[in-house]
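# Examination of the molecular architecture
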Amino acid sequence: MSKAHSVFRCTECGADQPKWGGKCDTCGAWNSLIEEPVGRLSGSAVRSLPTAKPPIRLTDLKSESVTRWKTGLAEFDFVLGGGIVPGSVVLVGGEPGIGKSTLLMQCAARLESQGVVTLYVSGEESPDQLRLRADRLQEDAGRIHVVGETRLESILHHAAQLNASVVLLDSVQTTYTEELEGAPGNVGQVRECAARLMRFAKESGPAVLLVGHVTKGGGIAGPKTLEHIVDTVLYFEGETTLDHRILRAVKNRFGSVDEIGVFRMTGAGLEPVANPAAAFLAGRSTGASGSAITALMEGTRPMLVEIQALASKAGFGTPQRVATGLDHRRLALLLAVLERRAGLPFGSLDVFVNVTGGVRLVEPSTDLAVLAALVSTVHDRPVPADALFLGEVGLGGEIRPVAGVERRLVEAARQGFRRVFLSARSQRTTSDLEVIGLEGISELTRRLAA
Ligand code: TYD
Ligand code: MG
């Protein structure tokens, strides 16, 4: 192939650069340029335009409410915004082994049982291997049509022949189109395949569910470009060693973003968790010091999480600070505030903080719970088991109100919590919890010592 047929494409923003460099000139990302053959094969270069539909007035369109296919996997339907929208393209991303193929197969099985025709295309497993997975599931997957195929043209052909209403493609990285040179999985191929599937879905009406593998860096190959193309992007996350999995909507043209669904991986496939708000509290050790509970918002849903802290006498040298599920700089800041404003001796202590269930704290509203866990471990005195902590902590040791208090408290009350430590400046709440308003952290330490 001649050099004229290569460009260097940024895997972050998709921009083309004429020559290779360590940094993308367009978005500034480092080490993101890869060589990309772009030559189209002769013959397909000139494609006849499809007869386009003429423009029409919006009022001339039938305003039928969008029908959705509910899969009956409650948490999956919830994250999608109420079910699968016909003609939409949904990308399900996640690390290998997290359960993407399992989720899609269960989804297909449930749709088939309602009479929705599905086609499961696998470029990763043979139909025999798919059968082995299907046999494990609690759903009856026997009616799903499966095909082991990686060529997009054949996939579209099969889907049209079968008149499938939902096409599940596992995965976008193993699929290639003949119209582009280059191996499956490279950015050009992934983007082109996704764009063609999008066109197919919009023109012919089936919904397409795409599996996308996430690279170690956290993105799907050609991540940004792919996210722009499809209608909905869901990420499947979780620790492969723990049995619960979180499905998160990061983009949704037909629902709200940041919604999460919680599943448990069982011996018979994925099972929606019945009480997701308390899913991460399972196995909580009440009565031990160094544990505090907070409520964080995941989309529109409050979730309760446990924060554990352990402080122990440091050996020689700089004391250790180990934070799991929380930014270590945030921990350093909170320790400094506790040391300066409440006189706790963290300078001579090793500190370990862990958020249970593999959750990551991103909201500052969880600060107060981290402090409570730290104070509790230093004094080796458990915090009340029925207490919730909600508040952001400032450098002056002041405790600030957080947004959406009401919804968090309603959920906490439902889960059996009886009191809540909040900023004294929080709005009055109408929940049944006993409210303990705090001005600053010295009040917190005093209350917890009492
Ligand atoms: P899989 O869906 O193959 O993950 P992905 O497609 O994201 O790579 O599932 C991965 C893991 O799930 C695998 O290690 C086996 C486990 N698993 C169960 O625990 N129970 C089951 O019923 C099934 C089908 C899989
Ligand atoms: Mg798979």
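One structure accompanies this document, and this report is about it. For every chain, the first residue of the written sequence is number 1, and numbering continues from 1 along that sequence. Key to labels: chains lettered from A, ligands numbered from 1, both in the order written. Whole-chain, interface and lining totals are the exception, using all residues; otherwise, since this is a predicted model, local features are given only for residues with pLDDT of at least 70 and side-chain atom pairs are given and counted only at 80 or more. The side-chain figures draw on all heavy atoms in the structure; neither hydrogens nor water molecules are used.

## What to know about the sheet that holds strand E7 (residues 166–170)
- Each pair of strands is called paired provided DSSP finds at least two bridges between the two strands. Numbered from the N terminus, helices here are DSSP runs of H or I no shorter than four residues, and strands are runs of E no shorter than two. Strand order in the open sheet formed by nine strands is E6-E5-E7-E8-E4-E9-E10-E11-E12, with mixed pairing between adjacent strands. Only two strands of the sheet have a single partner each, and these edge strands are strand E6 (145–148) and strand E12 (269–272). Sheet twist, expressed as the average angle between the axes of neighbouring strands with direction ignored, equals 25°.
- Here strand E4 (residues 89–94) runs beside strand E8 (residues 207–213); their pairing, made up of six bridges, is parallel. Considered in E8, the bridge of Gly93 is made with Gly212. In this analysis an axis means a line fitted to C-alpha atoms, helices contributing only their contacting stretch, and an angle means the value between N-to-C directions, from 0 to 180 degrees.

## Quick look at a nonpolar patch on the surface
- Each patch groups residues whose relative accessible area exceeds 30% and which form no salt bridge, using 9 Å between like charges and 5 Å between nonpolar side chains of Val, Leu, Ile, Met, Phe, Trp and Tyr. Here the accessible surface of atoms and residues is derived via Shrake-Rupley with a 1.4 Å probe, and residues count as covered only by protein chains that are part of the display. Counted as salt bridges are all cases of a side-chain nitrogen of Lys or Arg within 4 Å of a carboxyl oxygen of Asp or Glu. On the surface, a nonpolar cluster with roughly 340 Å² of combined accessible area is contributed by Ile56, Leu58 and Leu61.
- Along the chain, Ile56 falls in the loop between strand E3 (33–37) and helix H1 (74–80).

## Things to note about the site of ligand 1
- In the vicinity of ligand 1, 15 residues are found, and the nearest of them are Ser101, Thr102, Arg133, Thr266 and Gly269.
- Counting of polar contacts relies on pairs of N or O atoms within 3.5 Å, with two restrictions inside protein: one atom must be capable of donating a hydrogen and the other of accepting it, and residues adjacent in sequence are counted only when both atoms are side-chain atoms. In this structure, Lys100 approaches ligand 1 through a main-chain N or O atom, which is 2.8 Å from an oxygen atom.
- Within the side chain of Arg133, an N or O atom sits 2.5 Å from an oxygen atom of ligand 1.
- Coverage of ligand 1 by the protein amounts to 75% of the 560 Å² it exposes when considered alone. For this description, a residue counts as near a given molecule or strand if any of its non-hydrogen atoms is within 4 Å of it.

## What about the side chain of Arg245?
- Tracing the chain through its elements places Arg245 in strand E10 (residues 244–252).
- For the buried Arg245, which has no salt bridge, the nearest side chain bearing the opposite charge is Asp243, at an N-O separation of 6.5 Å.
- At 2.7 Å, the side chain of Arg245 forms a polar contact with the backbone oxygen of Ile98. Buried residues are those whose accessible area, probed at 1.4 Å on protein chains only, stays under 20% of the maximum for their type, while exposed residues exceed 50% and partly exposed ones sit between those limits. By the counting rule applied here, Lys and Arg register as positive and Asp and Glu as negative, while His and the ends of each chain are not counted.

## With respect to the pattern of salt bridges
- As enumerated under the stated definition, the model contains 21 salt bridges in all.
- Measuring nitrogen to oxygen at the nearest pair gives 3.3 Å for the salt bridge that ties Glu271 to Arg264.
- We classify Arg264 as partly exposed; its relative accessible area is 34%.
- Notably, a salt bridge pairs Arg419 with Asp386, separated by 3.0 Å at the nearest N-O pair. In this pair, Arg419 is assigned in strand E20 (residues 419–423) and Asp386 in the loop between helix H8 (367–379) and strand E17 (387–389), connecting sequence segments 33 residues apart.
- Under the relative-accessibility criterion, Arg419 is labelled partly exposed at 26%.
- One network of salt bridges, with partners in common, ties together Glu153, Glu179 and Arg196.

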